[in-house]
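Take a look at the letters that make up each chain.
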Amino acid sequence: MSDQSKMREQMKTGAGFIAALDQSGGSTPKALSLYGVEPSDYSGDEEMFRAMHDMRARIILADDFTSEKVIGAILFERTMNDTINDTPVPDLLWTSRGVVPFLKIDKGLEEQENGVQMMKPIPGLEALLETARSKGIFGTKERSVIHEADKTGIDAIVAQQFEVGATVTAAGLVPILEPEINIHSDTKAEAETLLEAAIARHLETLPEGVDIMLKLTLPDNPGLYDNLAKHPRVLRVVALSGGYSTDEASAKLAQNKHMIASFSRALTEGLNVKMSDAEFNEALGSNIDKIYRASV
């Protein structure tokens, strides 16, 4: 069986969750600050991204960061092109940790219109996908955000997600479509109902042999996305933590038996740069175990 086939099988049936290690320029300073690295500790973007890479490397090399509980990891483009202990990160993830590598491809969000923020254009996408495939990346992730239960906006955001997804599948990769719903939205439940219906419509247009994944905000109505998860064109539905604490997100996830986690902040909660390796591994291991148990 090829690596691609093994990765696909792990994504479809593997027990565990997908780690989101894809903080980019805008979210990096906050993520570093939570880790105990303040802006005064680095000078300029290069030093900031190096500090972020050091944090990610520490996570990836931790004792519990293996396919026993972590079945995939989403990387920032810089991380895909970087190394850990002189090994390209995608190679290290798959060959050493048994973790399927994904790549974040979106370039940020447009201004809000019709209650949503669409993805900005992604220049050079085809070339990026070709590079990703050559480096052993299995799939991609692309994020946009819904703030209000506006049918026009939600229909537009889902159409854009599937359009970008078609470019990804044409390149031989599997897209994770991520139309996030803001957890603080006053119309979150209504937006979720509209989103589920719009995704279901688009799934019916996908041809045989085209697989996608979905990354969705944990719904107010448990089980809302079960039918999407059971669709033959959907490999997996994963949940984003969206600002919930690890405990909150894990509790909500446990109510949705057909979703697994793809958490970022909840994964790194409580980690600190000043921890000893033993303390770091224990804290990360505890977070991994909570998220794993909620995912299975």
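Quick caveat, the model's predicted, so the values are computed rather than measured.

Draft legend 1. Broad picture of helix α10 (residues 246-254). Within the span of α10, buried status applies to Thr 246, Ala 249, Ser 250 and Leu 253. Mapping the buried residues of α10 onto a view down its axis gives an arc of 95°, with all of them on the same face. On its buried side, α10 packs onto β10 (234-240), β11 (259-261), α11 (265-268) and α12 (277-295).

Draft legend 2. Up close: the packing of helix α6 (residues 125-134) against helix α7 (residues 151-170). Contact geometry for α6 and α7: axes closest at 9 Å, N-to-C directions at 45°. On the basis of the axis angle, α6 is oblique to α7. Both α6 and α7 take part in a crossing whose hand is right-handed. For the pair formed by α6 and α7, the contact residues are Leu 125, Glu 126 and Leu 129 on the first element and Val 164, Thr 167 and Val 168 on the second. Grouping the amino acids of the contact of α6 with α7 by side-chain chemistry returns four nonpolar, one polar and one charged.

Draft legend 3. Fine view of the pattern of salt bridges. Tallying each qualifying case throughout the model produces 18 salt bridges. Taking the shortest distance from any N to any O, the salt bridge between Arg 78 and Glu 46 comes out at 3.0 Å. A residue pair is termed long-range when its members are at least 10 positions apart, and Arg 78 in helix α4 (residues 77-80) and Glu 46 in helix α3 (residues 44-60) qualify at 32 residues. By relative accessible area, which is 53% here, Glu 46 ends up exposed. Measuring nitrogen to oxygen at the nearest pair gives 3.0 Å for the salt bridge that ties Asp 155 to Arg 201. Taken as a pair, Asp 155 in helix α7 and Arg 201 in helix α8 (residues 188-203) lie far apart in primary sequence, 46 residues in all.

Reading the values: rules and limits
- Residues numbered from 1 in each chain as written.
- Predicted model: local features only at pLDDT ≥ 70, side-chain atom pairs only at ≥ 80, totals over all residues.
- Heavy atoms only, no water.
- Buried < 20%, exposed > 50% of the residue type's maximum accessible area, 1.4 Å probe, protein only.
- Helix = DSSP H or I, 4+ residues; strand = E, 2+ residues; numbered from the N terminus.
- Arc of directions from axis to C-beta.
- Contact = heavy atoms within 4.5 Å.
- Axes fitted to C-alpha atoms, helices over the stretch in contact; angles between N-to-C directions.
- Parallel < 35°, antiparallel > 145°, perpendicular 65-115°, else oblique.
- Left-handed = near helix turned anticlockwise from the far one by under 90°.
- Nonpolar A, V, L, I, M, F, W, Y, C, P; charged D, E, K, R; others polar.
- Salt bridge = Lys/Arg side-chain N within 4 Å of Asp/Glu carboxyl O.

All quantities given are derived from atomic positions and should not be read as evidence of function.
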